[in-house]
Amino acid sequence: MAYNNWYDGLSQGSLDYLKDTTLQWLNMDASMYCSGCSVIPNFSGVPLSKLSIGFLASKDAGGPSSYTLPTVLNSYQNWLVQSNMSPASLFIWDSHWDSLNSYLISNAIT
């Protein structure tokens, strides 16, 4: 989910991109992160309890522009907690790439 999505002019892998992407999937107002964003009429969004958020395990797993640094991932998780959002899961793509990346992403996901 945190890659291969709409970009809204935001840098993929950035904290604002992750926040925007999350709010877009929930069909919540994300206009603070992207201009022209609005909720989709007649769509209730994906329930938070069913939303799984995926991250590339390394720059080689899907391209460096889509990779989220562990520090950004930690900030994103803090934002989720502060926003009282608890998605169904956070996952990585995939364990092979994570092992080649010294498990930086799986160790950052709490």
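Reading guide: rules and limits
Residues numbered from 1 in each chain as written. Predicted model: local features only at pLDDT ≥ 70, side-chain atom pairs only at ≥ 80, totals over all residues. Heavy atoms only, no water. Helix = DSSP H or I, 4+ residues; strand = E, 2+ residues; numbered from the N terminus. Buried < 20%, exposed > 50% of the residue type's maximum accessible area, 1.4 Å probe, protein only. Expected span 1.5 Å × (residues − 1). Contact = heavy atoms within 4.5 Å.

Draft legend 1. Quick peek at the environment of Lys-50. Structurally, the position occupied by Lys-50 is in the loop between α1 (15–25) and β1 (52–56). Residue classification places Lys-50 among the exposed positions, given a relative accessible area of 63%. Each C-alpha atom of the pair Lys-50 and Thr-110 lies 18 Å from the other, and the pair is 60 residues apart in sequence.

Draft legend 2. Looking closely at helix α2 (residues 70–82). The first and last C-alpha atoms of α2 sit 18 Å apart over 13 residues, in line with the 18 Å expected at 1.5 Å per residue. The set of residues buried in α2 consists of Pro-70, Val-72, Leu-73, Tyr-76, Gln-77, Trp-79 and Leu-80. Looking at the buried positions of α2, the neighbouring elements they touch are α1, β1, β2 (89–93) and α4 (104–108). Note on α2: the residue one or two positions beyond its end, Asn-84, has a positive phi of about 60°.

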